[in-house]
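# Coordinate inspection notes
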Amino acid sequence: MKKRIIYISIAMVIGAFLVGVFSAFYDSYTADEITVNQIEASLNTHCYCESISKDMYSKGVQYSNVKGFSVEHVSFSLINCKYESLQKEANRIHQLLINDVEALENFNLISLDIISEDRHDTITIKNGQLEI
């Protein structure tokens, strides 16, 4: 009888722990999804492109020789955009995202691939800081 009570107690503690872990993961995922949607809405509103699409969203430890370590990464493709210079457009988009996205600095890595017939450039925002 005592063993049964011990097993039930242990099962309840493990169950409570797992509920807490899954709840925290869900809350984190929901917050990240809201941030991704804010980024996409800002790009769709302010960028002069034929199409804008989210290519990838990933969460988990990742490493790349070019981009280094990241925990959260979202990538967008901006097709046939109208802009004068990449540097000016990168600064403009970065400022717009700072203004429109609440938790931009908390998002680890944002890649914006600007693709046209004759060019393919990438704008990277890492931990809220612009990198080209």
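Residues numbered from 1 in each chain as written. Predicted model: local features only at pLDDT ≥ 70, side-chain atom pairs only at ≥ 80, totals over all residues. Heavy atoms only, no water.

### Quick notes on the overall build of the protein chain
Short version of the rule: By definition, any uninterrupted DSSP run of H or I lasting at least four residues is a helix, any uninterrupted run of E lasting at least two residues is a strand, and each is numbered from the N terminus. C-alpha atoms define the radius of gyration in this analysis, and the globule rule sets the expected value at 2.2 Å times the number of residues to the power 0.38. Relative accessible area decides the class of each residue, using a 1.4 Å probe on protein chains only: under 20% of the type maximum gives buried, over 50% gives exposed, and in between gives partly exposed. Contacts are residue-level and defined by heavy atoms, with any inter-residue pair within 4.5 Å sufficient.
Looking only at helices and strands, the protein chain has 2 helices and 5 strands in total. Going residue by residue from the N terminus, the α and β elements of the protein chain occur as α-β-β-α-β-β-β. Radius of gyration (C-alpha) of the protein chain: 21 Å, far over the 14 Å computed for a compact globule of 132 residues. Once the C-alpha set of the protein chain is aligned to its principal axes, its extents read approximately 80 × 30 × 25 Å. Within the protein chain, the proportion of its 132 residues that are buried is 33%. Taking contacts inside the protein chain between residues at least 6 apart in sequence as the whole, the part at least 24 apart equals 61%.

### Notes on the pattern of salt bridges
Our working rule: Basic side-chain nitrogens of Lys or Arg form a salt bridge, by our definition, when they fall within 4 Å of a carboxyl oxygen of Asp or Glu.
A full pass over the atoms with the stated rule returns 3 salt bridges. Where Asp121 meets Arg119, a salt bridge forms, and the shortest distance between an N and an O atom there is 2.8 Å. Here Asp121 falls in the buried class, since its relative accessible area comes to 15%.

### A closer look at a nonpolar patch on the surface
Inclusion rule: Residues with no salt bridge and a relative accessible area higher than 30% make up the patches, which join like charges within 9 Å and nonpolar side chains (Val, Leu, Ile, Met, Phe, Trp, Tyr) within 5 Å. Residue burial considers only the protein chains on display, and all accessible areas are found by Shrake-Rupley using a 1.4 Å probe.
Judged by side-chain polarity, Ile6, Ile10, Ile14, Phe17, Leu18, Val21 and Phe22 come together as a nonpolar surface patch covering roughly 700 Å² of accessible area. Within the secondary structure layout, Phe22 lies in helix 1 (residues 2-46). By relative accessible area, Phe22 is classed as exposed at 57%.

### Quick look at the confidence of the model for the protein chain
Applicable threshold: One number per residue, pLDDT, summarises how confident the predictor is, and it ranges from 0 to 100.
Counting all residues, the mean pLDDT for the protein chain is 85, and 92% of those residues have values of 70 or more. The spread of mean pLDDT over the elements of the protein chain runs between strand 1 (residues 51-64), the lowest at 82, and helix 2 (residues 86-100), the highest at 93.

### Focus on the state of the cysteines
For the record, the criterion: When the sulfur atoms of two cysteines come within 2.5 Å, that pair is taken as a disulfide.
Scanning the model with the defined rule gives 1 disulfide in all. Across a sulfur-sulfur distance of 1.9 Å, Cys49 and Cys81 are joined as a disulfide pair. Here the S-S torsion is close to 100 degrees, and the disulfide linking Cys49 with Cys81 is therefore right-handed. Taken together, the positions of Cys49 in the loop between helix 1 and strand 1 and Cys81 in the loop between strand 2 (68-79) and helix 2 put the pair 32 residues apart, joining distant regions of the chain. Among the residues examined, Cys49 registers a relative accessible area of 19% and is labelled buried. Residue class for Cys81 comes out buried when judged on its relative accessible area of 15%.

### Focus on the nonpolar core
Grouped burial of nonpolar side chains is what soluble globular proteins tend to show. The cut-off we apply is this: The set of buried Ala, Val, Leu, Ile, Met, Phe, Trp, Tyr and Cys residues whose side-chain atoms join them within 4.5 Å is what this entry labels a nonpolar core.
Formed by 23 residues in total, the largest nonpolar core has its most connected members in Ile39 and Leu78. Going through the elements one at a time, helix 1, strand 1, strand 2, helix 2, strand 3 (109-115) and strand 4 (120-126) are the ones with two or more residues in this core. With 4 residues, the top contributor of residues to this core is helix 2.

### Some words on the environment of Glu40
Its place among the elements puts Glu40 in helix 1. The class of Glu40 is partly exposed, set by a relative accessible area of 22%. A sequence separation of 36 residues divides Glu40 from Phe76, and the C-alpha atoms of the two residues are 8.1 Å apart.

### Here we look at the pairing of strand 4
Note the following rule: Strand pairing follows a simple DSSP-based rule, namely that at least 2 bridges must link the two strands.
Counted residue by residue, strand 4 has 5 buried out of 7 residues, so it is predominantly covered. Summarising the sheet, strand 3 and strand 4 pair through 7 bridges and their orientation is antiparallel. Considered in strand 4, the bridge of Leu112 is made with Ile123. As paired elements, strand 4 and strand 5 (residues 129-131) share 3 bridges and run antiparallel to each other. Note on strand 5: the bridge partner recorded for Ile125 is Leu130. Linkage of strand 4 to strand 5, two consecutive antiparallel strands, is achieved through a turn of 2 residues, within which Asn127 is found at a positive phi near 55 degrees.

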